[in-house]
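This is what each chain is made of:
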Amino acid sequence: MPDVSEDVMSVLTERIEERFQMPLADLRRAVEKAPQANPEATALVHWHGLLTETQQALDTAEDALVEALGTQPADVLDDPVMELAHQVNSAVASRDGRAMVVNYLLDPNAPGKRGPGVWRGASPAARRAPALPTSPPTLPIARNTTARGAR
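Because the structure is a prediction, the values reported are computed rather than measured.

Caption draft 1: Representation of helix H3 (residues 39-70) in the model. Here H3 spans 47 Å end to end across 32 residues, near enough to the 46 Å set by a 1.5 Å rise per residue. By the burial criterion, the buried members of H3 are Ala41, Leu44, Val45, His48, Leu50, Leu51, Thr54, Gln55, Leu58, Ala61, Leu65 and Ala68. Between the side-chain oxygen of the N-cap and the backbone nitrogen of Glu40 there are 3.1 Å, and the N-cap of H3 in question is Asn38.

Here it is as structure tokens:
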């Protein structure tokens, strides 16, 4: 049975390759030669590299945990084993966060990708209108009256 994390990595890699119409290794070399040529490609290659490193760290942590669990009685987990479990949890969180960044970078319609204040479906006039009134509020006319109890 294939590892789920390997499937995620391969799907994201395929999406990058499809987006740029070239193998990831070629894209990586192109970004190394001219990182300013395509900022989107540079960002994706950078974050994919971080994702790959984190996945490798996760694999190492999982292997260490499985090995340690094999030497422990089933009902007892000592501090070193618990520490390994925490390392696995941290690595999973890091890997998932980086995968989310890669996924965001690949989505052209992600929030924040189309410029500030622009949302799908709004008319051009509505996109240009201020979100809040920009003129100062008018103050009510004050009457010359005294408050109750005042002399």
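Caption draft 2: Representation of the packing of H3 against helix H4 (residues 79-106) in the model. The geometry of H3 relative to H4 is characterised by a closest axis approach of 8 Å and an angle of 160 degrees between their N-to-C directions. Here H3 is positioned roughly antiparallel relative to H4, judged by the angle of their axes. Like other packed secondary-structure pairs, H3 and H4 cross with a definite hand, here left-handed. Residues belonging to the contact of H3 with H4 are distributed by class as follows: 22 nonpolar, 5 polar and 4 charged.

Caption draft 3: Broad picture of a nonpolar patch on the surface. Residues Leu69, Leu77 and Met82 make up a contiguous nonpolar surface patch of about 240 Å² in total accessible area. Take Leu69: it is sitting in helix H3. Of the residues examined, Leu69 reaches a relative accessible area of 40% and is grouped as partly exposed.

Caption draft 4: Looking closely at the pattern of salt bridges. Under the definition given, this model contains 3 salt bridges. With its nearest N and O atoms 2.5 Å apart, the salt bridge here joins Arg19 to Glu40. One end of the pair, Arg19, is in helix H1 (residues 4-20); the other, Glu40, is in helix H3, with 21 residues separating them in the sequence. For Glu40, a relative accessible area of 29% translates into the label partly exposed. Among the ionic pairs, Asp96 bridges to Arg95, the shortest N-O distance being 2.7 Å. Under the relative-accessibility criterion, Asp96 is labelled partly exposed at 34%.

About the criteria used
Residues numbered from 1 in each chain as written. Predicted model: local features only at pLDDT ≥ 70, side-chain atom pairs only at ≥ 80, totals over all residues. Heavy atoms only, no water. Helix = DSSP H or I, 4+ residues; strand = E, 2+ residues; numbered from the N terminus. Expected span 1.5 Å × (residues − 1). Buried < 20%, exposed > 50% of the residue type's maximum accessible area, 1.4 Å probe, protein only. Polar contact = N/O pair within 3.5 Å; in protein donor to acceptor, adjacent residues only side chain to side chain. Axes fitted to C-alpha atoms, helices over the stretch in contact; angles between N-to-C directions. Parallel < 35°, antiparallel > 145°, perpendicular 65-115°, else oblique. Left-handed = near helix turned anticlockwise from the far one by under 90°. Nonpolar A, V, L, I, M, F, W, Y, C, P; charged D, E, K, R; others polar. Patch = residues over 30% accessible without salt bridge, like charges linked within 9 Å, V, L, I, M, F, W, Y side chains within 5 Å. Areas by Shrake-Rupley, 256 points an atom, 1.4 Å probe, with all protein chains shown as cover. Salt bridge = Lys/Arg side-chain N within 4 Å of Asp/Glu carboxyl O.

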